[in-house]
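# Observations on the three-dimensional arrangement
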Amino acid sequence: EYDNPKDVNEALSRPDTDFWWDAMMSEYNSFIEMDVFKECDLPPGRRAIKSRIIYKLKRDTQNVPVRYKERWIERGFQAEYGVDFFESFSVMSNTTQARAIFALAASR
């Protein structure tokens, strides 16, 4: 049995490499479909925000692999407002809304 790969080289050198490749392509295609990013030149003196890939093998109750997941994450704390991004988004705008949703969920 294998654990979660630590990096892309490990994911692509294992017997289950086809499943990891499909997971990577699925993540990439979802980025393209949602128009998440576009390729561009960096401004002079700027460096790209570092990122990495997280791999997670989901298993059922008998420990059989059921889903290969891959997530590409950026180190957002390196981003600078007004330079790297110009607006942010929060699902919850305040604690009152969060409490109302949790209360509704608890009542069901």
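Going by the structure above, here's the rest.
Let us look at the structure shown here.

What counts and how
- Residues numbered from 1 in each chain as written.
- Predicted model: local features only at pLDDT ≥ 70, side-chain atom pairs only at ≥ 80, totals over all residues.
- Heavy atoms only, no water.
- Helix = DSSP H or I, 4+ residues; strand = E, 2+ residues; numbered from the N terminus.
- Expected span 1.5 Å × (residues − 1).
- Buried < 20%, exposed > 50% of the residue type's maximum accessible area, 1.4 Å probe, protein only.
- Pairing = 2+ DSSP bridges.
- Salt bridge = Lys/Arg side-chain N within 4 Å of Asp/Glu carboxyl O.

## Section: helix 3 (residues 95-107)
- Compared with the 18 Å implied by 1.5 Å per residue over 13 residues, the 18 Å span of helix 3 between its first and last C-alpha is a close match.
- Burial analysis of helix 3 places just 1 of its 13 residues in the buried class, a small minority of the element.

## Considerations on the pairing of strand 1 (residues 51-59)
- Strand direction decides the pairing type here: strand 1 and strand 2 (residues 65-74), joined by 9 bridges, are antiparallel. Along strand 2, the bridge assignment pairs lysine 58 with arginine 67.
- Counting the residues in the hairpin turn of strand 1 and strand 2 gives 5 residues, including asparagine 63, whose phi is positive at 70°.

## Notes on the pattern of salt bridges
- All chains considered together, the criterion is met by 3 salt bridges.
- Residue aspartate 16 pairs with arginine 14 through a salt bridge whose shortest N-O separation is 3.1 Å.
- With its nearest N and O atoms 2.8 Å apart, the salt bridge here joins glutamate 27 to arginine 71. Residue glutamate 27 is found in helix 2 (residues 17-33), and its partner arginine 71 is found in strand 2; the two are separated by 44 residues along the sequence.
- Residues participating in the shared-partner salt-bridge network are Glu10, Arg14 and Asp16.

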